[in-house]
Every structure is written in structure tokens, then in C-alpha cells.
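One letter stands for each residue in the lines below.
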Amino acid sequence: MSTVNPRQRLDVLCQLLNDYNHQYYVLDNPTVPDVEYDRLMRELQSIEHDNPELKVATSPSQRVGGEALASFSQITHLKPMLSLDNAFSDDEMQNFVRRLEERTGRSNDVFCCEPKLDGLAVSLLYVDGVLTRAATRGDGLVGEDITQNVKTIKAIPLQLRGDDFPQRIEIRGEVFMPFAAFNGINERAIAHGEKAFANPRNAAAGSLRQLDSKITASRGLSFYAYSTGVVELENTPMSDHHYGQLQQLKGWGVPVSPEVKQVKNLADMIAYYQDILNRRSELAYEIDGVVNKLDSIQGQDKAGFVAKAPRWAIAYKFPAQEEMTTLLDVDFQVGRTGSITPVARLEPVFVGGVTVSNATLHNKDEIERLGVKIGDKVIIRRAGDVIPQIVSAVVAQRPNDTRDIEFPSTCPECDSAIERLEGEAVARCIGGLVCGAQRKEAIKHFSSRKAFDIDGLGDKLVEQLVDEDMINTPSDLFSLTQEHLLTLERMGEKKAQKLLSALEASKSTTLAKFIYSLGIREVGEATASNLAQFFKTLDKIKAASVSRLTDVDDVGEIVAKHLYYFLKQPHNLAVINSLIEAGIHWSVIEEKDASALPLVGQTWVITGTLHTMGRSEAKEKISALGAKVAGSVSAKTTMLVAGEKAGSKLTKATELGVKTLDEDGLISFLAQFE
Ligand code: I6G
């Protein structure tokens, strides 16, 4: 039997874990799934636990955090950490270039541009390649010692790579929290009735300033370097250009933004700003502008500094994404599943390029957390495509005549009771289909594109039909006649005929779409498709127990219970039966030898717009080849189909190293099986 030498195994593990981090954070090319990284980390920790004398300061096990501190000590920066001047228009950028040229007497200089991350500036000191000290910016002269916390950030190397780095080098950059980590933390906080972070910057700051570094370790922080501070060169000359220095940092294993670009002149800087602004919502992290720097270090020295900012750099800021306005009122909306959502009605305000007059207040806990009252001045925030949020109430400017927000005790639509189950943040109307709002939402969902896709049946028409008592359930749609429709306002013969034809055409569907269209809680497209593939018939799904339902991919205990109870309710069964009586049908799913299908065992995800076949068709084709089609990207995803305007899923897939196919790629891929 061969015995593994712990020293040798420890070296191998350290090397592997450092390489995996480097591939992920610096080369943007992950090679192993998280589970494998975690397994190797546990093995390393176990060897270090049994052989404490082998543990070194640069061990990747430092990433998990250590003993909590009583307080942070202070660190005086070796060189002040400056701030940046801002520009808010092309004219201000033009002034920046003009002043710079006047000052340096140089023209035709190259600039270096990169996104301005909305995080926290930190200074990292490496001595002989080892991360020795890390500090916050503080007031620019004195910061806090956050070495233990920074060591938990996987993007930051504990040891520089190669052997040509300076003996002492201070690296400066931004610690930030990617949206994926931010959303996860906030979703968990809200679900547990805890305080959510207002934005990724606050979340990054709160996570970095934790006395217990284990908390920092759990927060998914990341880092990009943007400059050097003090450098003691020894025999390693740093590049005489900023861009070149960033490439050197990258070579030593320090992550640098992949968006860094050298440009020739003012027009290029403005074009760069526009390009990044256009792609802002595709980035995996929050930015608030771009930073432009004179690329030549000699030129920078000539330009010098004014007050606390360099004359050779400027932040060209994006239009504000936060604005102040007044909370006029709060309405309570009832969703398809009875969820009651407070919606803030606001004095219209222009934020980040659009006029906002509504914002979500999520739930009762959130209203209490914000301590907001009707009539208050509030700060509104809009980030990417996220629904506008109220960040805070401006209590200092509270008028005398504000009113408390009263959460209703009965449904504002149907007066049924409202219940809030234990452990849930959401309150719900228990009225089911008795509730007009739920009826409307259920029918809108039923006729939506991914469900029955009924052309000409828009939200307004559904509301009209329900308000006129012409339909109560989705199955009533199929009893509509030309005479009924013609009694509606703004309904002509042609329009009525078109709608009736669309209803007729929609009768031929698939079992997956049928299940999805029923609007069962937590049963999205992917789950509906998995259920159809697994059970093959509706009768088998109806007969399945909760435990049998959990045998289906993606179906956990909660989803199984929602399904089970939905399919036991007599009024739901009545709707299903009348739909089938109205002629809804789907083709029989054949019992194929599933193990013989080419994509069996694979998990695919589809995102973005697919112009040729549409997402539903793509999904059916991929499922028919044996793959599971899931709704979210994880390390287990085999392939991401990324159509046009693919957003966060594509970013995540890239981060995780998941393979991707664009629409053309998918079409050629599927062609081989036709
Ligand atoms: O606060 C900053 C953010 C980004 C910076 C900065 C930066 O470069 C991309 N660069 C400098 C030189 C300074 N602050 C002082």
C-alpha cells in the first residue's frame, strides 16, 4: 500500500487550488466546478489540521477566514491614496484633455480607459511576492488593516506568480460584490425577514469591514487592480505605460478588468464611455462610469496633482441611478398566486435614463425596515433592468402631514382573508379563483407567449373580459363567440374573428405547455417540461404522491406540495376537465429508450432571444434529445444556449466555464439529429 507524504500532497493541493483561482479570476477561464474546488480545499484543511507545522501563510486555506478580531488597527499609507476628479459631459472631458495638454506641453498622447467599479478602494502590499498587508482607503492617508478579510477574497492572490515581480510592490484596486453574490445575499436576507443591502457597494463595504473574516469569506467578493502605489524595483523595471503595468500585474496573477483599453484621443474616450454605458446591464458587477488615464507614466509625472486628485486621470461618470422623489401613495397589487405586493406610487422622477413613477416595496417587513411613510421624500434607485427600489426615506426632511402605510387585513380585490405562512415574507389572499385579480392574472398567464400563446389576447382584453363577467377561468375562453366579443368596446368583427381563430389554433399544444399554463406556484417552464418528460401523461401526474413528484428533476418538496395540492382542488380539476372538453389536446409522448438519447444526462439552459425557432421550440427539441432543460446556470450546466441580449446567465456561464452556443450554433447542432 502506498502512503502519501502529507508535505507533498499539501504542495500539490496548494498548487492546484492556486491554479484554479488564477484560471477563474485572472484568465477568465474556469476549469473546475465549485464542488471540486471545495473538495480539494477540505482535503487541504484536513492535512493542515493533522500537521499544523506544514501550514504556511500563503496557503489557500487562509481563504476561509480565521479568528474574529476585537477591532481593526490603523495603517498609514506608504503613499496617499488619492481620489479622482469627475466629468459629467463630453465638454468636461474635452476640458480635461485641453488642460492636460497645456500642462504637459504634450499632444497626441495615448489614454487608458476602464470601467469604474462601484466598490471599495484597497491597497495590497506584497513583499517578496507574498501578500503581507491590506488596507482600506480610509481618508486617503490612514486606512484600516483588513489583511485577514482580504485574504479570504479568492480573486486576490496570496502569492504573486512568476519570479520577476518587484521585491516590494503596493497594488491598488477595487474590491466589489458581483450582482450574483449581491442578489443571493439579499434574497436570503429578505426571506429571513432581515435587512437587505441597498446596493452592491454597501454590501461589499459591509462584508469587508467584518471583524469575523469567516463572514467576509462567505460573501463572494471579488477584486480588480487598477494601479500600483509604492514599488521598490530591485531589478524589475515596471513598464513606462499604465496599460503595460496592468499587463504586468496580470502576469503576476493579479486580476485586471478585461475591459481595459488603450485609446488614441478624446473621441475614442467618448466612444469607449458610450460602449460601456450601452453594455452596462450585461456586466456582472455594478459600475458608475469609466476612468480615463494618461497612459504615459512620464506624462503623468509631468501633469502632477491638484489637491487630492491626479491631473492625469478623470472619472467620466454615468447619469445618476439614484434620485430623490416623494412617496405619494401605496397600492396593494394581487398577483396570480394571491401574493399581495405593496407598490409605491411616486412623484415621477427621471432616474438613469427613464421616468420612474412606481417602485416595489416587496412586503410588510420591507416597509417596516425602511420606516417609510406616505408623503415622505424617498431615495429611488434603478440598477440595470431591476425593478426600481426605494432605498431609504429621507427622515430629516419628513413633512408634518405624513401617514403610516397600512397593510390591508383583507384582499383589496375580493375582500377574502389574507394569510402569511410561517417562514414566508409574502402575504397572500386566500380567495383563489374567487378573487378577480387572481382570475385576471391566471388568465393572462394562461394566454401568454410561453403558455397557450393566444395572439390578440392582450392584458387589457383579459381585464375587460373578466370585468364584463364574460370569463372566469381559462376554459371559459374557449366558449367565447363572435356575438359575445362584439358586445365589447373597441371590438370589431375582424378583430373578434382573429381572436377566435387564434383560440382555435392554440388548442393543439404540448403536455409541458399545458402544465405550465395552469400557473401552479413555482412550476415554471423548465419544471413543467421535466414533469411532462417524466410522467408522459397528465393522469399520471394527477395520481402522483408528493414523494413520487420529488423524483422529477428540479422538483423539491415545496414544489411537489404546490403541485399535489393544486391537483387535488376540485375547482382546479374542473378547469382542467373543461379545457380538455373544449378540445385542448397534445400529442402522446412516446416511451423512448431514454438512455439511448444523445443528450441524456446533460443539463442545458436557454437564455436571450432566439429569432428563428423561439425559446419554447428550442427547449422542446433539446428535451427530445434527452437533455434536461433547466432555468438557471450552475456548475452542473452542460451547455448554455445564448440568444440575442443574453444577460446575467451568459455572464454566469462564462464565469463558471460553461460551454455556450449562439442561435446559429444551436441550429447546426440540432441539424445533425434531424
Ligand atoms: O477610485 C479609483 C477607481 C478607479 C481610482 C482609480 C481607478 O482607476 C481605474 N485610479 C486612480 C489613480 C485613483 N482612483 C486615484
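Being a predicted model, the structure only gives us computed values, none of them experimental.

The rules behind each value
Residues numbered from 1 in each chain as written. Predicted model: local features only at pLDDT ≥ 70, side-chain atom pairs only at ≥ 80, totals over all residues. Heavy atoms only, no water. Pairing = 2+ DSSP bridges. Helix = DSSP H or I, 4+ residues; strand = E, 2+ residues; numbered from the N terminus. Axes fitted to C-alpha atoms, helices over the stretch in contact; angles between N-to-C directions. Contact = heavy atoms within 4.5 Å. Buried < 20%, exposed > 50% of the residue type's maximum accessible area, 1.4 Å probe, protein only. Phe/Tyr/Trp six-rings, centres within 6.5 Å; stacked < 30°, edge-to-face > 60°. Lys NZ or Arg CZ within 6 Å of the ring centre and 35° of its normal. Left-handed = near helix turned anticlockwise from the far one by under 90°. Nonpolar A, V, L, I, M, F, W, Y, C, P; charged D, E, K, R; others polar. Near = heavy atom within 4 Å. Polar contact = N/O pair within 3.5 Å; in protein donor to acceptor, adjacent residues only side chain to side chain. Areas by Shrake-Rupley, 256 points an atom, 1.4 Å probe, with all protein chains shown as cover.

## Observations concerning the sheet that holds strand β4 (residues 120-127)
Here is step 1: Strand order in this open sheet of four strands is β5-β4-β7-β8, and the pairing throughout is antiparallel. At either margin of the open sheet sits one strand with a lone partner, and together these are β5 (130-136) and β8 (222-232). For this sheet the average axis-to-axis angle between neighbouring strands, irrespective of direction, equals 25 degrees.
Here is step 2: As defined by bridge partners, β4 adjoins strand β7 (residues 168-176) across eight bridges and the pair is classed as antiparallel. Following the sheet pairing, serine 123 is matched in β7 by arginine 172.
Here is step 3: The strands that helix α8 (residues 242-251) touches are β7 and β8; relative to β8, the one it contacts most, it runs at about 110 degrees.

## Focus on helix α23 (residues 648-656)
Here is step 1: Taken together, the buried positions of α23 are Thr651, Ala653 and Leu656.
Here is step 2: The first or second residue beyond α23 is glycine 657, which carries a positive phi of 75 degrees.

## Some thoughts on the packing of aromatic side chains
Geometry of an aromatic ring pair is reported as the spacing of the ring centres plus the angle between the planes.
Here is step 1: Taken as a whole and assessed by the stated rule, the structure comprises 17 aromatic pairs.
Here is step 2: For the pair phenylalanine 96 and phenylalanine 111, a centre-to-centre distance of 6.4 Å together with 55 degrees between the ring planes defines the contact as tilted. Taken together, the residues span a long stretch of sequence, with phenylalanine 96 in helix α3 (residues 90-104) and phenylalanine 111 in strand β3 (residues 111-117) at a distance of 15 residues.
Here is step 3: Residue classification places phenylalanine 96 among the buried residues on the basis of a relative accessible area of 3%.
Here is step 4: Owing to a relative accessible area of 5%, phenylalanine 111 belongs among the buried residues under this scheme.
Here is step 5: Between tryptophan 604 and phenylalanine 669, the ring centres sit 5.2 Å apart and the planes meet at 45 degrees, which makes this aromatic pair tilted. Pair noted here: tryptophan 604 is in strand β23 (residues 603-607) and phenylalanine 669 is in helix α24 (residues 663-671), with a separation of 65 residues, a long-range link.
Here is step 6: Among the aromatic residues, ring-to-ring pairing joins Phe446, Phe452, Phe478, Phe514 and Trp586 into one connected group.
Here is step 7: The lysine or arginine in question, lysine 568, covers the ring of tyrosine 564, its NZ or CZ lying 4.5 Å from the ring centre.

## Observations regarding the packing of helix α17 (residues 525-535) against helix α22 (residues 614-624)
Here is step 1: It is the contact of α17 with α22, at a shortest axis distance of 12 Å, that shows an interaxial angle of 35 degrees. Helix-helix and strand crossings are classified by hand; for α17 and α22 the assignment is right-handed. Contact residues: α17 offers Glu525, Ala526, Ser529 and Gln533, while α22 offers Ser616, Lys619 and Ser623.
Here is step 2: Taken together, the residues of the contact of α17 with α22 sort by class into one nonpolar, four polar and two charged.

## Observations concerning the site of the ligand
Here is step 1: The ligand sits among Leu82, Ser83, Leu84, Glu114, Tyr226, Val291, Lys293 and Trp312.
Here is step 2: A distance of 2.8 Å is found between an oxygen atom of the ligand and a side-chain nitrogen or oxygen belonging to lysine 293.
Here is step 3: When the ligand is considered free in solution it has 370 Å² of accessible area, and contact with the protein chains removes 89% of it.
Here is step 4: Among the residues making up the shell around the ligand, the classes are represented as five nonpolar, one polar and two charged.

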